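Inside the fold
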Amino acid sequence: MYVKVRLELVTPFSKEIVDSLKADNIDLPHGMKIEMRNLEGKVEVCVEVELVDPKSVLTLRNTVDEILEHIELVDNVLKRST
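Now for a look at the structure at hand. If you're wondering where the values come from, they're calculated on a predicted model, not measured in any experiment. (Residues numbered from 1 in each chain as written. Predicted model: local features only at pLDDT ≥ 70, side-chain atom pairs only at ≥ 80, totals over all residues. Heavy atoms only, no water.)

A look at the sheet that holds strand β1 (residues 2-10)
The strand order β1-β3-β2 describes an open sheet built from 3 strands, whose pairing is antiparallel. Two strands lie at the open edges of the sheet, namely β1 and β2 (32-38), each paired on one side alone. Within the sheet, the average angular offset between the axes of one strand and its neighbour, ignoring direction, is 10°. As paired elements, β2 and strand β3 (residues 42-50) share 7 bridges and run antiparallel to each other. Following the sheet pairing, E35 is matched in β3 by C46. Along the sheet, helix α1 (residues 14-22) makes contact with β2 and β3, crossing β2 at roughly 150°. (Pairing = 2+ DSSP bridges. Helix = DSSP H or I, 4+ residues; strand = E, 2+ residues; numbered from the N terminus. Axes fitted to C-alpha atoms, helices over the stretch in contact; angles between N-to-C directions. Contact = heavy atoms within 4.5 Å.)

Concerning the environment of T11
Relative to the helices and strands, T11 is located in the loop between β1 and α1. On the basis of relative accessibility, which here comes to 6%, the residue T11 falls in the buried class. Sequence spacing of T11 and E40 is 29 residues, and the spatial spacing of their C-alpha atoms is 9.1 Å. If sequence neighbours within four positions are ignored, T11 has contacts with I17, G41, K42, V43 and D75. Within the local environment of T11, its side chain forms a polar contact with the side chain of D75, the two groups lying 2.6 Å apart. (Buried < 20%, exposed > 50% of the residue type's maximum accessible area, 1.4 Å probe, protein only. Polar contact = N/O pair within 3.5 Å; in protein donor to acceptor, adjacent residues only side chain to side chain.)

A closer look at a negative patch on the surface
Side chains of D24, D65, E66, E69 and E72 sit close together on the surface and give a patch of like negative charge. In this structure, D65 sits in helix α2 (residues 55-81). A relative accessible area of 35% means that D65 is categorised as partly exposed. (Patch = residues over 30% accessible without salt bridge, like charges linked within 9 Å, V, L, I, M, F, W, Y side chains within 5 Å. Areas by Shrake-Rupley, 256 points an atom, 1.4 Å probe, with all protein chains shown as cover. Salt bridge = Lys/Arg side-chain N within 4 Å of Asp/Glu carboxyl O. Lys, Arg positive; Asp, Glu negative; His and termini not counted. Charge placed at Lys NZ, Arg CZ, Asp CG, Glu CD.)

This is how it looks when you write it as structure tokens:
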């Protein structure tokens, strides 16, 4: 069984955010897949993980939390530089 979380965030910096975060999607845990897309002013992030044990749900949650933190950081930096 798989669990999937889909995030959609509105920001004028969607392209820059997706470009900066895609580089981090390496060495993922076994059974995890991350997809990011720029949708004209929106960032779409899909994180999917295979449920092999209860820790898989925690790994998914922690990954989503980390992605959200990075998006917020990049968004704030870009807002200050404009």
